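The lines below spell out each chain.
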Amino acid sequence: MYNRRKFIKSSALGASLAAISTQSFAKVLTGADVERSALPVVISTWPFGVAANEEAWKTLVKGGRALDAVEAGVKIPEADLKNHSVGKAGYPDRDGHVTLDACIMDEQGNCGAVAGMEYIAHPISVARLVMEKTPHVLLVGDGATQFAVEQGFKKEKLLTPESEKAWHEWLKTARYKPEINSETKTYDPNTAPGSKGNHDTIGMLAIDTKGNISGACTTSGMAWKIHGRVGDSPIIGAGLYVDNEVGGATSTGVGEEVIRNVGSFLVVELMRQGYSPEDACKEAVKRIIRKKPQTAKEIQVGFLAINKKGEYGAYAIQKGFSFAVCNAQKQDLIIDGKSFY
Ligand code: ASP
């Protein structure tokens, strides 16, 4: 089994985990900060979040910045050729174009995003450069690709033979129907993560040893979408929102419903009012269902949130949503509130 317990015991990361829980915490966190002894922490959506969190943890455990951690973390599923819902190898739109969406937000409220970007394998890193090197927040389509190339990114074909085959198969019926929880359903702990679903997103939130929060969100969106369709994932406030005073939230699932309700912003604002992360996610889900009751039967939307104290929680329309969590105490996959490892 691709076993977390074994991994924690045997790996260099396991050694770091042990070290930080006994010594580094005492050094980094003092006084009131001791209450936040669950920090640093990183959480992310779906089983592919486990490997992404492991990567993010390497930065957090060294006392690095949450922003660097989330960028490094989500690059893992972006590069995974077995993952067909994030990054390179993402399933294409109905015309065969692989178009990627991503956004990133830091502890100062800075943010950057790209949408409908083709030919660039790491949209999250382009989003970060939009944030850091331009006066803008969001670049789309050819403009985003052009910017990426100017910044030194390699232009490459993103449609892999496997994705192309799946697209040809889909063309036989050409029926657009987002699947529910395909990540959790097809998860096999004996193999590396991958993703067999026709959509799903990695949304990641991290708090570093200084207590600063950042988030990242990246996806190839809905497989077989209309060319030009953009979901919630690159939209600040919808797919991701961070307010360093309060916490952060991210979403996955049918992005249209998240955009309609400005979902992640809503979750953060509810936490500001005193809701726990889970209750804030639940209220946002309820609002989606109240406005469009048929969503309760037909689609999945999941929210994942963390507050300033490092408490986290999630809620989704359908059972079966999962998220990964990594801090000094544990690395875990939580499915319907239950620990998987
Ligand atoms: N939210 C993404 C989108 O609508 C897809 C997903 O997370 O399932 O593009």
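Observations regarding the overall build of the protein
Across its full length, the protein carries 12 helices and 13 strands. Here the protein holds 341 residues, and 59% of them are scored as buried. Summarising the internal contacts of the protein: among those between residues at least 6 apart in sequence, 66% fall at separations of at least 24. In the structure as shown, the protein presents an accessible area of about 13,900 Å², 53% of it carried by carbon and sulfur atoms.

Some details on a nonpolar patch on the surface
Among the surface-exposed residues, Val 137, Leu 138 and Val 140 lie close enough to one another that they form a single nonpolar patch of about 230 Å² accessible area. Along the chain, Leu 138 turns up in strand S4 (residues 138–140). For Leu 138, a relative accessible area of 38% translates into the label partly exposed.

Remarks on the site of the ligand
Around the ligand lies a shell formed by His 199, Asp 200, Thr 201, Gly 221, Met 222, Arg 229, Gly 231, Asp 232, Ser 233, Thr 252, Gly 253 and Gly 255. Between an oxygen atom of the ligand and a main-chain N or O atom of Asp 200, the distance comes to 2.9 Å. At a separation of 2.6 Å, a nitrogen atom of the ligand approaches a polar backbone atom of Gly 253. In the complex, the protein chains occlude 100% of the 270 Å² of accessible area that the ligand would expose alone. Across the shell around the ligand, the residue classes tally to one nonpolar, eight polar and three charged.

Considerations on the nonpolar core
Ranked by internal contacts, the top residues of the largest apolar core, which has 78 residues, are Ile 104, Val 267 and Phe 303. Looking at this core, the element that brings in the most residues is helix H5 (residues 123–133), giving six residues. Formed by six residues, the second largest nonpolar core is a distinct cluster that contains Tyr 91, Trp 167, Trp 170 and Trp 224.

Some remarks on the sheet that holds strand S7 (residues 240–243)
Within the open sheet, the four strands sit side by side as S7-S8-S9-S10. Their pairing is antiparallel. The strands lining the two open edges of the sheet, one partner per strand, are S7 and strand S10 (312–316). Taking each pair of neighbouring strands and ignoring which way they run, the sheet shows an average axis angle of 10 degrees. Where S7 lies against strand S8 (residues 247–253), four bridges are found, and the strand directions are antiparallel. Residue pairing in the sheet places Asp 243 in a bridge with Gly 247 of S8. Contacting S7, S8 and strand S9 (301–307), helix H10 (residues 263–272) runs over the sheet at an angle of about 145 degrees to S8.

Some details on the packing of aromatic side chains
Applying the stated criterion across every chain, the model contains five aromatic pairs. With a centroid separation of 5.0 Å and 25 degrees between ring planes, the pair formed by Tyr 91 and Trp 224 is classed as stacked. In this pair, Tyr 91 sits in the loop between helix H4 (66–79) and strand S2 (100–105) while Trp 224 sits in the loop between strand S6 (213–219) and S7, placing the two residues 133 residues apart along the sequence. By relative accessible area, which is 12% here, Tyr 91 ends up buried.

Things to note about the pairing of strand S1 (residues 41–45)
Burial within S1 is extensive, with five of its five residues counted as buried. Along S1, one buried face is formed by Val 41, Ile 43 and Thr 45 and the opposite face, lined by Val 42 and Ser 44, is buried too. Relative to strand S5 (residues 202–207), S1 runs antiparallel, the two sharing four bridges. In the strand pairing of S5, Val 41 is matched with Ile 207. Bridging between S1 and strand S11 (residues 322–327) involves five bridges; their strand directions are antiparallel. By the bridge assignment, Thr 45 is partnered in S11 with Phe 323.

Rules behind the numbers
Residues numbered from 1 in each chain as written. Predicted model: local features only at pLDDT ≥ 70, side-chain atom pairs only at ≥ 80, totals over all residues. Heavy atoms only, no water. Helix = DSSP H or I, 4+ residues; strand = E, 2+ residues; numbered from the N terminus. Buried < 20%, exposed > 50% of the residue type's maximum accessible area, 1.4 Å probe, protein only. Contact = heavy atoms within 4.5 Å. Areas by Shrake-Rupley, 256 points an atom, 1.4 Å probe, with all protein chains shown as cover. Patch = residues over 30% accessible without salt bridge, like charges linked within 9 Å, V, L, I, M, F, W, Y side chains within 5 Å. Salt bridge = Lys/Arg side-chain N within 4 Å of Asp/Glu carboxyl O. Near = heavy atom within 4 Å. Polar contact = N/O pair within 3.5 Å; in protein donor to acceptor, adjacent residues only side chain to side chain. Nonpolar A, V, L, I, M, F, W, Y, C, P; charged D, E, K, R; others polar. Core = buried A, V, L, I, M, F, W, Y, C linked by side-chain atoms within 4.5 Å. Pairing = 2+ DSSP bridges. Axes fitted to C-alpha atoms, helices over the stretch in contact; angles between N-to-C directions. Phe/Tyr/Trp six-rings, centres within 6.5 Å; stacked < 30°, edge-to-face > 60°.

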